[in-house]
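If you want the building blocks of each chain, they are given just below.
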Amino acid sequence: HEFADSQFGHLFARGEDREEARKTLVLALSNLEVVGEIRTPIEYLVELLRTEAFCRNSIDTSWLDGMIRERTVKVKYEKL
């Protein structure tokens, strides 16, 4: 994908149900701080997790490709 980058870690979230786990993951990503001159997809991931389709769990393996193709979620990068 155009916006893919190398993995620098993994983040897992859990909850009593999928919605609680999703909210926990959004909170964790929103509070994640990466120090250094590195661009991360954190804001993009949070926006994806907040989409109606993700919240409803009506996604499939082509969902992300469609989001990228249609530019439904914008990527915001600060200049380094």
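Draft legend 1. View of the packing of aromatic side chains. Going through the model one piece at a time under the given rule, you end up with 1 aromatic pair. Taken together, a centroid distance of 5.9 Å and an interplanar angle of 45° make the contact between F54 and W63 tilted. Each member of the pair, F54 as well as W63, carries the same accessibility label: buried.

Draft legend 2. Main features of the nonpolar core. Core analysis: the largest hydrophobic core is formed by 13 residues, its most contacted members being L29, Y44, L48, L49, W63, M67 and V73. At the level of secondary structure, the elements contributing two or more residues to this core comprise α1 (18-31), α2 (42-49), α3 (52-56) and α4 (63-70). With 5 residues, α2 is the largest single contributor of residues to this core. Once you skip the residues sitting within four places of it in the chain, V73 turns out to touch Y44, E47, L48, T51 and M67.

Cut-offs applied
Residues numbered from 1 in each chain as written. Predicted model: local features only at pLDDT ≥ 70, side-chain atom pairs only at ≥ 80, totals over all residues. Heavy atoms only, no water. Phe/Tyr/Trp six-rings, centres within 6.5 Å; stacked < 30°, edge-to-face > 60°. Buried < 20%, exposed > 50% of the residue type's maximum accessible area, 1.4 Å probe, protein only. Core = buried A, V, L, I, M, F, W, Y, C linked by side-chain atoms within 4.5 Å. Helix = DSSP H or I, 4+ residues; strand = E, 2+ residues; numbered from the N terminus. Contact = heavy atoms within 4.5 Å.

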